[in-house]
Every structure is written in structure tokens, then in C-alpha cells.
Amino acid sequence: MQKLEQIYEGKAKKVFTTDDPELLIVDYKDDATAFNGLKKGTIVGKGIINNQMTNRLMAKMEKAGIPTHFVKELSERETLVKKVSIVPLEVIIRNISAGSFAKRYGVEEGIIFDNPTIEFSYKNDELGDPLLNAYHALALKLATQEEIDLIKKYSFAVNDVLKAFWLECGVTLVDFKLEFGRLSDGTIVLADEISPDTCRLWDSKTHEKLDKDRFRRDLGGVEDAYAEIMKRLVEHDL
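The rules behind each value
- Residues numbered from 1 in each chain as written.
- Predicted model: local features only at pLDDT ≥ 70, side-chain atom pairs only at ≥ 80, totals over all residues.
- Heavy atoms only, no water.
- Helix = DSSP H or I, 4+ residues; strand = E, 2+ residues; numbered from the N terminus.
- Rg over C-alpha atoms; globule rule 2.2 N^0.38 Å.
- Buried < 20%, exposed > 50% of the residue type's maximum accessible area, 1.4 Å probe, protein only.
- Contact = heavy atoms within 4.5 Å.
- Lys, Arg positive; Asp, Glu negative; His and termini not counted.
- Charge placed at Lys NZ, Arg CZ, Asp CG, Glu CD.
- 1 Å grid on protein atoms, 1.4 Å probe; cavity = no way out; pocket = protein on both sides within 12 Å on 5 of 7 lines; lining within 4 Å.
- Points joined across faces, edges and corners; volume = space filled by probe spheres on them.
- Nonpolar A, V, L, I, M, F, W, Y, C, P; charged D, E, K, R; others polar.
- Pairing = 2+ DSSP bridges.
- Expected span 1.5 Å × (residues − 1).
- Core = buried A, V, L, I, M, F, W, Y, C linked by side-chain atoms within 4.5 Å.
- Axes fitted to C-alpha atoms, helices over the stretch in contact; angles between N-to-C directions.
- Parallel < 35°, antiparallel > 145°, perpendicular 65-115°, else oblique.
- Left-handed = near helix turned anticlockwise from the far one by under 90°.
- Salt bridge = Lys/Arg side-chain N within 4 Å of Asp/Glu carboxyl O.

Visitor: So what about the overall build of the protein chain? Which residues, and what values?
Guide: The helix and strand inventory of the protein chain stands at six helices and 14 strands. Expected size for 238 residues packed as a compact globule is a radius of gyration near 18 Å; at 17 Å, the protein chain falls within 12% of this value. The dimensions of the protein chain, computed from C-alpha atoms along their principal axes, are 50 × 40 × 35 Å. Per-residue burial over the protein chain gives 50% buried out of 238 residues. In the protein chain, 56% of the contacts between residues at least 6 apart in sequence involve partners at least 24 apart. For the protein chain, the separation between the mean place of its 34 positive charges and that of its 41 negative charges on side chains is 2 Å.

Listed below in C-alpha cells is the structure:
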């Protein structure tokens, strides 16, 4: 598979075309950002961990019947994926209160919900990714009702798979963000990544943060936390 021109560079990844118009190569970077890009830094080795973790977890989703854009890992930082047009809806599933949810509603972190919550935000950096509901998404023609229903169904299914797996690793899945895309025929598939950049992961016993919150909140030990979460994944993903 030949890597051709770069067509996109985001906060954490670069995307390249290939000699197949339906396939792209994603290259994961060590750059780290927070607060819509206001805070910038580098987490050494993050790109390798996020690439390999995403690929292992995407493979789990495929086994669970959730279609994804994943094709195959090419190197420690590069992966071949199906070309999608991203649905501009970021999906956040929350199992426990933390982060912006705790701040927004004035509650402490760590409240375990009876049922997971779902929220959408409009994927738009200039607007600061504002929260929206399904009616807004329909009004803005971001997705159809059928697509929204399917995205919700897949998102809760991803939560079930991830929660059970991380529990085996001694990790609590607090919340996470997902993105979905449309293949050329309109099929909705899970896209983007599943990593410590996009998930809140706490040690089940100590509640130590093993994710990007260590970078956001200047807690230190960021590289160690990413390495620890990857170690646990590899040990249990045999």
C-alpha cells in the first residue's frame, strides 16, 4: 500500500491518501492539546500507544458486531483505515461523573450513574464544540434520525464492550468520546480512535487517573500513566 499525499493534520493525527481511493493511512503524533487547543504539549510515545491501543480495541468492536473503519496496523504509528466522511457529532458516554459534566452540573467527581448517559456535541473547533441534542442535529442536517439512532445504539454497545474489558484490567471506564463516519455507500462505522486521549480511565482500586487528565490538570506522570494503561491492555488482550 503506497502512502501518497497528506490531506489532513489534526491535533493528534495526520492522514494520507493511498493508491486505493477508499483507503487512507493515519499517522499518530505525540502532540498533546487540551481545552480546544489552548494548552499544548508533547507526551513522548503517545502516538505509538494510541495507535496500537485503538487498533486492538477496534478489533474487539468488530468482533462484537460494531463496524469500524479499521483495516490493519502498518507500523507502530501508522494504520490503514477505510475512508469515511466524519459525522460532525462527537458522542460522549458517561458512566461516572467527571470533567465537564461535574463542572457543568455542580456535582462532585466519582458519582456512579444508575445508567450510562449520552451527550452529543457539534464537532466544530471554532464554536468550541457546543453541546446539542438530536433535534439540533436534525435541524442542522448533521445526521438523519436513522443515523442518530444507529450511532446511539453503537455507542452504548461500545460502552458495554469497553467497560467489561477494562474491568478485567483493573481499570474503571469513567467516560469516553467517540466519532463515527460514513463510508462511500453511506454505511455508518466507528472511526477516529479509542485511547487515553479520548477515554477517562481510573485505576479500579486507587482511582489514580491513567489518561489525558494527567496532562490537562498538570498532575505529572503522563507518560507513565499511558505506558501503564497500555501494559494492562496488552496483558489482558491475549
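Visitor: Could you give an account of the layout of surface pockets, with specific residues and numbers?
Guide: For the second largest pocket, the calculated volume is near 270 Å³. Forming the walls of the second largest pocket are 16 residues, and the residues nearest its centre are Asn95, Ile96, Ile112, Thr172 and Leu173. Examining the composition of the lining of the second largest pocket, we find that five residues originate from one element, strand β10 (residues 112-122), more than from any other. Looking at the lining of the second largest pocket, its residues break down into eight nonpolar, six polar and two charged.

Visitor: Break down the pairing of strand β6 (residues 70-73) for me, citing the residues and quoting the values.
Guide: Summarising the sheet, β6 and strand β7 (residues 78-82) pair through three bridges and their orientation is antiparallel. Bridged to Glu73 within β7 is Thr79. Hairpin geometry of β6 and β7 is characterised by an intervening segment of four residues between the two adjacent antiparallel strands.

Visitor: An account of helix α4 (residues 145-168) is needed here, citing residue identities and associated values.
Guide: If you check α4, its first and last C-alpha atoms are 35 Å apart, about what 24 residues at 1.5 Å a residue would give, namely 34 Å. When we look at burial in α4, the residues that qualify are Glu147, Ile148, Ile151, Tyr154, Ser155, Val158, Asn159, Leu162, Phe165 and Trp166. Gly170 occupies a position one or two residues after α4 and carries a positive phi of about 75°.

Visitor: Go over the environment of Pro67, please, and point to the residues and values.
Guide: Structurally, the position occupied by Pro67 is in the loop between α1 (46-63) and β6. Accessibility expressed as a relative area gives 22% for Pro67, which makes it partly exposed. When the C-alpha positions of Pro67 and Thr33 are compared, they lie 28 Å apart, and in sequence the two are 34 residues distant. In this view, Pro67 contacts Glu62, Tyr154, Ile188, Val189 and Leu190; residues no more than four positions away in its chain are not counted.

Visitor: Give a detailed account of the nonpolar core, specifying residues and quantitative values.
Guide: One finds Leu89, Leu162, Trp166 and Ile194 to be the most contacted residues of the largest nonpolar core, which totals 46 residues. Setting aside anything within four residues of it in sequence, one finds Leu89 in contact with Phe120, Ser121, Lys123, Leu132, Ala137, Leu142, Ala143, Ile148 and Leu178. Val15, Val26, Tyr28 and Val81 belong to the second largest nonpolar core, which has five residues in total.

Visitor: Any chance you could break down the packing of α1 against helix α6 (residues 222-236) for me, citing the residues and the numbers?
Guide: When two helices pack together, you describe them by how their axes are tilted relative to each other and by the distance separating the axes. Packing of α1 against α6 leaves a shortest axis separation of 10 Å and a crossing angle of 30°. The angle between the axes of α1 and α6 places the two elements in the roughly parallel class. Regarding α1 and α6, the two cross each other, and that crossing is left-handed. Residues Lys46, Ile49, Asn50, Gln52, Met53, Arg56 and Leu57 of α1 lie in contact with α6, whose contacting residues are Tyr226, Ala227, Ile229, Met230, Leu233 and Val234. For the contact of α1 with α6, a count of residues per class yields nine nonpolar, two polar and two charged.

Visitor: So what's going on with the pattern of salt bridges? Which residues, and what values?
Guide: Enumeration according to the criterion identifies 28 salt bridges in this entry. The salt bridge involving Glu119 is made with Arg104; its shortest N-O contact spans 3.5 Å. Placement of the pair is Glu119 in strand β10 and Arg104 in helix α2 (residues 99-105), with a sequence separation of 15 residues. Two residues, Glu235 and Lys231, come together in a salt bridge whose shortest N-O distance is 3.6 Å.

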